[in-house]
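Read off the chains here:
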Amino acid sequence: MEGISLSTQLAVLGVLLSVSGFFAMAETAMMASNRYRLRALEKDGHGGARRALALLRKTDKLLGVILLFNTLINAAIATLAGLLTVELFGEDKWALGIGTLIVSLVILIFAEITPKVIGATRPDTLAVASSYILDPVLRLSDPVVSTVNVVVAGILRLLRLNAKPGHSHEALTPEELRSIVLESSHGVPAQHRTLLL
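About the thresholds
Residues numbered from 1 in each chain as written. Predicted model: local features only at pLDDT ≥ 70, side-chain atom pairs only at ≥ 80, totals over all residues. Heavy atoms only, no water. Helix = DSSP H or I, 4+ residues; strand = E, 2+ residues; numbered from the N terminus. Rg over C-alpha atoms; globule rule 2.2 N^0.38 Å. Buried < 20%, exposed > 50% of the residue type's maximum accessible area, 1.4 Å probe, protein only. Areas by Shrake-Rupley, 256 points an atom, 1.4 Å probe, with all protein chains shown as cover. Lys, Arg positive; Asp, Glu negative; His and termini not counted. Charge placed at Lys NZ, Arg CZ, Asp CG, Glu CD. Contact = heavy atoms within 4.5 Å. Phe/Tyr/Trp six-rings, centres within 6.5 Å; stacked < 30°, edge-to-face > 60°. Lys NZ or Arg CZ within 6 Å of the ring centre and 35° of its normal. Core = buried A, V, L, I, M, F, W, Y, C linked by side-chain atoms within 4.5 Å.

Draft legend 1. The overall build of the protein chain, seen in detail. A tally of regular secondary structure across the protein chain gives 8 helices and 0 strands. Element order for the protein chain, N to C, with α for helix and β for strand: α-α-α-α-α-α-α-α. Taking 16 Å as the expected radius of gyration for a compact globule of 197 residues, we find that the protein chain reaches 21 Å, considerably beyond that expectation. Along the first, second and third principal axes, the C-alpha atoms of the protein chain reach 70 × 40 × 30 Å. Residue burial in the protein chain is summarised as follows: out of 197 residues, 30% are buried. Accessible surface, the protein chain: about 12,400 Å² in total, of which carbon and sulfur atoms supply 66%. Computed over 18 positive and 16 negative side-chain charges, the separation of the two mean positions in the protein chain equals 10 Å.

Following this line, the structure appears as structure tokens:
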């Protein structure tokens, strides 16, 4: 990329990796978040929890915007890394092959696995925090996301699949409720736990 210094290109690459990492982390945090805990926070007047729950009620659009931006950014990272490889090492096949391998590992480690592990570690906190960014991004890109979702819905109909996002968390079976009580036993006094069970 003529006229742009190597340090600037590397800085742009770092920013793109960070943004891609944010979307990967946000996806995991939003999907792993505890809806019941978020609802309790919402009842206490927590605006971030309200925003996160609003996003989770339209899971198709939420996933659509996350995957749209993550795909675009990862494509930009791959393109920029390819240009940097050519600029630094030429167009030899070995250089392009090694460049592809390195950028794949960098994306995998810094923009996928590490952010997703972070998102899974503190899902409720990160879901609330990321909702402040995801909400305006979704509003701005809604026409594109809606168009993509219409195409996806058409493909699902052709495959005779009926996807209804958001319904899997609406009701708990008695077994699921029992599991929640048992998993939360460290915070519930024994007599209350017995009564709940």
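Draft legend 2. Here's a closer look at the side chain of glutamate 27. Mapping glutamate 27 onto the fold places it in helix α1 (residues 6–32). In this structure, glutamate 27 is in contact with Leu63, Ile66, Leu67 and Lys116, ignoring residues within four places of it in sequence.

Draft legend 3. The arrangement of the packing of aromatic side chains in detail. Across all of its chains, the model carries 2 aromatic pairs by this definition. Considering the side-chain rings of phenylalanine 22 and phenylalanine 23, the 5.3 Å spacing of their centres and the 70 degrees angle between planes classify their relative orientation as edge-to-face. Taking the relative accessible area as the measure of exposure, phenylalanine 22 reaches 17% and is therefore buried. Ring centres 5.6 Å apart and planes at 10 degrees place the aromatic pair phenylalanine 23 and phenylalanine 69 in the stacked group. In this pair, phenylalanine 23 is assigned in helix α1 and phenylalanine 69 in helix α4 (residues 59–89), connecting sequence segments 46 residues apart. Put simply, the rings of Phe22, Phe23 and Phe69 pair up and form one aromatic cluster. The ring of tyrosine 36 has arginine 39 sitting right over it, with the charged end atom 5.3 Å from the ring centre.

Draft legend 4. The nonpolar core, seen in detail. By size, the foremost hydrophobic cluster in this structure holds 33 residues, and its most contacted members are Met30, Leu38, Leu62, Ile77 and Leu134. If you list the elements that add at least two residues to this core, you get α1, α3 (47–56), α4, α5 (93–121) and α6 (123–158). Ranked by residue count, the leading element in this core is α1, at 9 residues. Not counting the four nearest positions on each side in its chain, methionine 30 is found in contact with Arg35, Ala52, Leu55, Leu56, Leu62, Ala127, Ser130 and Leu134.

Draft legend 5. The arrangement of the environment of glycine 90 in detail. Along the polypeptide, glycine 90 turns up in the loop between α4 and α5. The class for glycine 90 is partly exposed, based on a relative accessible area of 25%. As a C-alpha pair, glycine 90 and isoleucine 102 span 12 residues in sequence and 16 Å in three-dimensional space. Ignoring any residue separated from it by four or fewer positions in sequence, one finds glycine 90 in contact with Thr85 and Ala95.

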